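Fold and geometry: a report
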Amino acid sequence: MDRIKEKMNNVPWCIFINLIWVFIGYEICRLAFLFENWGMFQQDMTWASFWEISEGGLLFDTSAIFYTNALYILLAFFPLHYKENSVMRAITKWAYIIPNAFCFILNLVDAVYFPYSMHRTTAMVFDEFKNEDNLGTIFGVEFVRHWYFVLLVIVMIYGLYKLYVNLPKLDKTKPLYKYYLRNGLSVIIITPFIIMGMRGATFWNATRPIAISNAHQFVDVPLETGIVLNTPFAILRTVTEKPQKTPTYFANQADVDKLYSPLHVPADSAVVRKKNVVILIVESYAKEFIGAYNKHLDNGQYKGYTTFADSLINHSLTFEETFCNTGFSIDAMPAVLASIPRMDRPFVLTPFSLNNTNSIASELKKWGYYTAFFHGANNGSLGLEAFARSAGFMDYFGRTEFNQDSRFDPEKDFDGTWGIWDEPFLQYFCLQMSEMKEPFMTSVFTLSSHHPFNIPDKYKDVFKDEGKHLIHKCIRYTDNAIRQFFATAKKQPWYKNTIFVITADHASSKTTHAEYKTELGHFMVPIIIFDPSGEMPTGFQKGIAQQIDIMPTILNYLGYDKPYIAFGKDLLNTKPEDTWAVNWDHIPQYIKGDYLLQFDGEKATAFYNYKKDPLLKDNLLGKTAEEAELTNDLKAFIQSYMVRMSNNDITVKE
C-alpha cells in the first residue's frame, strides 16, 4: 500500500485528482441549472436526453476547465526547483481554488439569469449592462431569493479547499537532474492534451476549436443548449468579439417593414408540388470556373473547368448575376439552407447562433419531409453536424457513416487530409437517397476542391495541372464527380420528382481574371436550379440571385403553405428590377440593378456601376440618384436583421 501511495505521489496524479473535483463541480452546477429552470425543460427532458446532454457538455466543461486552470497547471508543472517551497505551494493552491470558485459562481448566477436571456451569458453582457447603476440592488435581491445557491457554492468552494491534493514536496535526497527530467518530460507529454482539451476536440476530428454553436449537436431543442454549455466557456469564447450593435437608422419599425421584411407568407394561389429537394454545396466553386457564366472572358475564348455544369445550365434556371452571402465555409449552411447571411462575422460564432432558427429542412419537416445532411469529413468537422441538427435535419451522414457502408472502401476513398473524395461520397449520397421515403430534403457539402489541391491517383493523367492554379484540376475532378452523381441519380425512381440546387460554400481566392479579384468579384458564385421534370423555367433570367434566396425560392415553388422567416427573396416572384444581394464580410455591400454600394455602418463610402465598371475604378459617390435608394434599402436590411436576431425573433411562432 505504501508503495502504491508513493507511486501516486507525483505531480500529474495530483493535478488529475484536483481537476476531477472541478469536473464534478461543473456537473453539480449543470444539475442545479436544470432544476432551477426545470419548468422550461421538463416537457422534453428524459434521463436519456440528459445523459446525452451531459456527454456533450463534457467537451465544453473540459475546454473551460483547462483554460481557467492553465495558471495552476503551469505553476504545478514548471520545472524549476527554486519554486518548491511553502510559499509557492500555497500560491499554486490558491491559483486552483480562486478561478474554479469564480467559475462555480458564474454558472450558478447564470442559472438564475437564464430565464431572462434564454441562453448562456456571453461576454456581450458586459457591454449590455455597462451603463447600469442598479446592479448591486438586483444582485442583492437575488442573493436573498436564491439562498440555497449561496449555500451550495459555499459547500463547493469549501470542498475544493478540503479535497485539494497537495503537490509532492521536493525530495532533496535525489539528484536534481531527476526532478528536471521528470517534470520536463511531463510538460512535453501533457501539453498536447491540454491544447486538445482547450480546443474541445481531438486533433484529428476537428479543424477549428468548438464554439458555442457546437452545443446544438447534442440537443433537439435550441433552448437546451443552455444545459450543454457552461458560462465560463460561453464568456471565454466570445470575449474577443466586439458586440454587434443594433442600429436605429429608422425610428419606427413600420418604416423598416415598408422597405424590407423577412417574413414570407404563402400566397392563396400557391400550387402544391411536394417534390424532393437536393442541394449540393460545392467547396470553393467560384463563378469564374464555370464557362457558361463567362462567355465574354478572354475575347470569347474562355472555356472554364466545368464541362458538366456548363451542359446542365442549358437545362436549368439561373440568373445573370449570382452572389454568395458568405466569407468562409462555416457561413455556407446558414446562408444556403437557413437564409441567414454572414453579417460581419460567421453566424455560428455569434451568440445569435443559440436563437431559435428555421431552415428549409425544418420547414419541410413540418410538411412531412424526411431531411438529412451529408459531409464526407470527420463527423463534427467545421461544426456542420451541430448546425445541421439545429437547422432541423433529422439525420447526419459523415465519414463515420460512410465507413460503415460495405459498398465502399473507406481506406481507398479517404483523401488523406480532409475526408472522402467527392466521387465516392456523392455516389454514397445518391444511393442513400434511394433508401429514403419520399418526399425528402437533403443536402451535401463536398470537400475535394480544397488545399492541398490533390485528386485521386487514377485521375492524375486525366485532370492535369494546367499551370494557372492547382485548384483547377480539382474543380475538373469535382465537376466530373457531379456528372457521375447525376448519371446514377437518373437511374433512381425519385429523380424525376426532384429539384436539384447547385451552389458554392464561398467563392475561391484562387481566381485569375481581374473582375473576379475585386470586392464584388470575390463573392460571385453559381446558383443553378435544375428540375428534371421541366416544370421550372430554364435559362439565364434577368436579375440578381444570392444564396439566401434559395430557401424562399424553393419553398414557394413547392407551394409551402406556412409562414416563415427567410432573409432572402423568392426569385420566381420578384421583378428583376427589384432583385438585390447583400454581402458583409469585410464591409457591408449591397447590389441592386447595375449598382454596388459600399457602406461603413453609417454612410455610403463607395458607389459603382459594376456593369459598366467591373473593375470598380470609377467611384460615383454622390453623383447618382440611385445611391440614396440603395443606402436606405441596406439600412433597412441591417436594422431588420439585427433587431430580429437580438430579440430571438427569426421564427414564426406557431
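Before reading further, recall that the structure is shown in the block above.
Residues numbered from 1 in each chain as written. Predicted model: local features only at pLDDT ≥ 70, side-chain atom pairs only at ≥ 80, totals over all residues. Heavy atoms only, no water.

**Structural notes on the overall build of the protein**
Our working rule: Here a helix means four or more residues in a row that DSSP labels H or I, a strand means two or more in a row labelled E, and each is numbered from the N terminus. Radius of gyration here is computed from C-alpha atoms only, and the compact-globule reference equals 2.2 Å multiplied by the residue count raised to the power 0.38. Buried means the residue's accessible area, taken with a 1.4 Å probe over protein chains only, is under 20% of the maximum for its type, while exposed means over 50%, and partly exposed covers the values in between. Here, residues are in contact when the closest pair of their heavy atoms is within 4.5 Å. For the accessible areas, the method is Shrake-Rupley and the probe is 1.4 Å, while residue cover comes only from the protein chains on display.
In terms of helices and strands, the protein carries 23 helices and 14 strands. Rg of the C-alpha trace for the protein: 28 Å, near the compact-globule value of 26 Å for 654 residues, within the 12% margin. In the protein, buried positions account for 57% of the 654 residues. Here the analysis covers contacts within the protein between residues at least 6 apart in sequence; of these, 74% occur between residues at least 24 apart. Counting every atom, the protein has about 29200 Å² of accessible surface; 58% of that belongs to carbon and sulfur.

**Things to note about the pairing of strand E12 (residues 588-592)**
Rules: Note: two strands are recorded as paired if DSSP finds a minimum of 2 bridges between them.
In terms of burial, E12 is a largely internal element, 5 of the 5 residues being buried. Side-chain alternation along E12 places Pro588, Tyr590 and Lys592 on one buried face and Gln589 and Ile591 on a second face that is also buried. Pairing between strand E11 (residues 580-584) and E12: 5 bridges, direction antiparallel. Counted as the bridge partner of Val582 is Tyr590 from E12. Between E11 and the antiparallel strand that follows it, E12, lie 3 residues.

**Considerations on the pattern of salt bridges**
Stated precisely, the cut-off is as follows: In the sections that follow, a salt bridge refers to a side-chain nitrogen of Lys or Arg positioned within 4 Å of a carboxyl oxygen of Asp or Glu.
What the rule picks out here adds up to 24 salt bridges. For the salt bridge of Arg120 with Asp110, the shortest nitrogen-to-oxygen distance reads 4.0 Å. On the criterion of sequence distance, the pair formed by Arg120 in the loop between helix H6 (86-117) and helix H7 (124-128) and Asp110 in helix H6 is long-range, its members being 10 residues apart. The closest approach of N and O atoms between Asp585 and Arg342, which form a salt bridge, is 3.1 Å. With a gap of 243 residues between them, Asp585 in the loop between E11 and E12 and Arg342 in the loop between helix H15 (332-338) and helix H16 (360-366) connect regions that are remote in the sequence. You can call Asp585 buried: its relative accessible area is 10%. Among the charged side chains, a network of salt bridges with common partners joins Arg273, Lys275, Asp531 and Glu535.

**Let's talk about the side chain of Thr231**
Among the secondary structure elements, Thr231 is positioned in helix H12 (residues 231-238). Excluding residues that lie within four positions of it along the chain, Thr231 makes contacts with Leu106, Asn107, Asp110, Arg120 and Thr121.

**Side note on the nonpolar core**
The condition is simple: To qualify as a nonpolar core, a set must consist of buried Ala, Val, Leu, Ile, Met, Phe, Trp, Tyr and Cys residues joined through side-chain atoms within 4.5 Å.
Counting residues in hydrophobic clusters, the biggest one holds 72 residues, and the most contacted among them are Ile279, Leu337, Ile360, Leu364, Met441 and Phe567. Here this core gets 8 residues from one element, more than from any other, and that element is helix H23 (residues 626-646). Apart from the residues lying within four places of it in its own chain, the contact partners of Leu364 are Val277, Tyr369, Met441, Leu555, Leu558 and Tyr560. Membership of the second largest hydrophobic core comes to 69 residues, among which are Ile420, Phe429, Tyr495 and Tyr516.

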